[in-house]
Amino acid sequence: MLKQFGAERGRGRLMALSRDVMTDEQRKSVALEYLKAFDNGGVTSTGGSILDLFAEDAQVYFPKWGLATGKAEIGKMFGDVGGTLKSITHHYSHFNWIFSGSDLLVVEGTSHGEHQDGPWRAGVPESGAGRWCDVFEIRDWLIQRCFIYLDPDYAGQDTARYTWLKAEEHG
């Protein structure tokens, strides 16, 4: 929705402030479209790019990669991370959604797939990869911010530094 105000009104200019307020279910649908596109090699349900779901100045955080700002950097991040994955499937029926009453929402879930170093499945082993949590800020039907929290050691190769993992293997 466009609004006119102040001195701009007399000059016939419009200022784009915001579109209609989104509901939690609408924000959830954008987040689901993103996750399904990730499972589909970066292609949305309409055949577009996953990057179409992001605002021009969006930010995405991924552990061990860092913070990507803007679609070009986000595309680089997704290429770097996605290039290590042979497949990924999110377990949609097991998602936990947390709504804030604002543009922020959180989804916690599990996944399985195959990394270049080997397969993973949430819960196998219990300490392994596959559990994740994403914090989204979604406004005007676009992802403004997505911070991804997970263990990026999908295949569970980084065990030498964690004594409790050695015990788990032999215990």
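This write-up is about the structure you can find in this document.

Calculation rules
Residues numbered from 1 in each chain as written. Predicted model: local features only at pLDDT ≥ 70, side-chain atom pairs only at ≥ 80, totals over all residues. Heavy atoms only, no water. Helix = DSSP H or I, 4+ residues; strand = E, 2+ residues; numbered from the N terminus. Buried < 20%, exposed > 50% of the residue type's maximum accessible area, 1.4 Å probe, protein only. Areas by Shrake-Rupley, 256 points an atom, 1.4 Å probe, with all protein chains shown as cover. Contact = heavy atoms within 4.5 Å. 1 Å grid on protein atoms, 1.4 Å probe; cavity = no way out; pocket = protein on both sides within 12 Å on 5 of 7 lines; lining within 4 Å. Points joined across faces, edges and corners; volume = space filled by probe spheres on them. Nonpolar A, V, L, I, M, F, W, Y, C, P; charged D, E, K, R; others polar. Salt bridge = Lys/Arg side-chain N within 4 Å of Asp/Glu carboxyl O. Pairing = 2+ DSSP bridges.

When helices and strands are tallied, the protein shows 4 helices and 10 strands. Helices (α) and strands (β) of the protein occur, in sequence order from the N terminus, as β-α-β-α-β-β-α-β-β-β-β-β-β-α. Looking at the 171 residues of the protein, the share that counts as buried comes to 35%. Accessible surface, the protein as shown: approximately 9900 Å² in total, 53% of it carbon and sulfur.

This part covers the environment of Leu-51. Mapped onto the fold, Leu-51 is located in the loop between helix 2 (24-39) and strand 3 (54-62). For Leu-51 and Ala-37, which are 14 residues apart along the polypeptide, the C-alpha to C-alpha distance reads 9.7 Å. Here Leu-51 is in contact with Lys-71, Ile-74, Gly-75 and Phe-78, once residues within four sequence places are set aside.

Within this model, the largest pocket holds a volume of roughly 390 Å³. Taken together, 23 residues line the largest pocket, and the ones lying closest to its centre are Ser-127, Asp-151, Asp-153, Gly-156 and Leu-165. Sorting the residues of the lining of the largest pocket by element identifies strand 8 (118-121) and helix 4 (163-170) as the ones contributing at least two each. Looking at the lining of the largest pocket element by element, the count peaks at 4 residues for helix 4. Residues of the lining of the largest pocket, tallied by class, amount to 11 nonpolar, 4 polar and 8 charged. Lining the second largest pocket are Phe-38, Asp-39, Gly-41, Gly-42, Ile-50, Phe-78, Gly-79, Gly-82, Leu-85, Lys-86, Ser-87 and Ile-88. Taken together, the elements giving at least two residues each to the lining of the second largest pocket come down to helix 2, helix 3 (71-82) and strand 5 (85-90).

Enumeration according to the criterion identifies 9 salt bridges in this entry. Here Asp-24 and Arg-27 are joined by a salt bridge, their closest N and O atoms 3.3 Å apart. In this pair, Asp-24 and Arg-27 are both assigned in helix 2, 3 residues apart and thus about one turn of the helix distant. On the accessibility criterion, Arg-27 (4% relative accessible area) is buried. With a shortest N-O distance of 2.5 Å, Asp-158 and Arg-161 are connected by a salt bridge.

What follows concerns empty space enclosed by the protein. Considering all chains together, one arrives at 1 cavity of 30 Å³ or more under this definition. In this structure, the largest cavity encloses a volume near 190 Å³. Around the largest cavity, the lining comprises 18 residues; the ones closest to its centre are Ile-88, His-90, Ile-148, Leu-150 and Tyr-154. Residue composition of the lining of the largest cavity, by class: 12 nonpolar, 3 polar and 3 charged.

Now for the pairing of strand 4 (residues 66-69). The sheet contact formed by strand 3 and strand 4 spans 4 bridges and is antiparallel. Bridge pairing links Gln-59 to Thr-69 in strand 4.

Taken by themselves, the reported measurements are silent on function.
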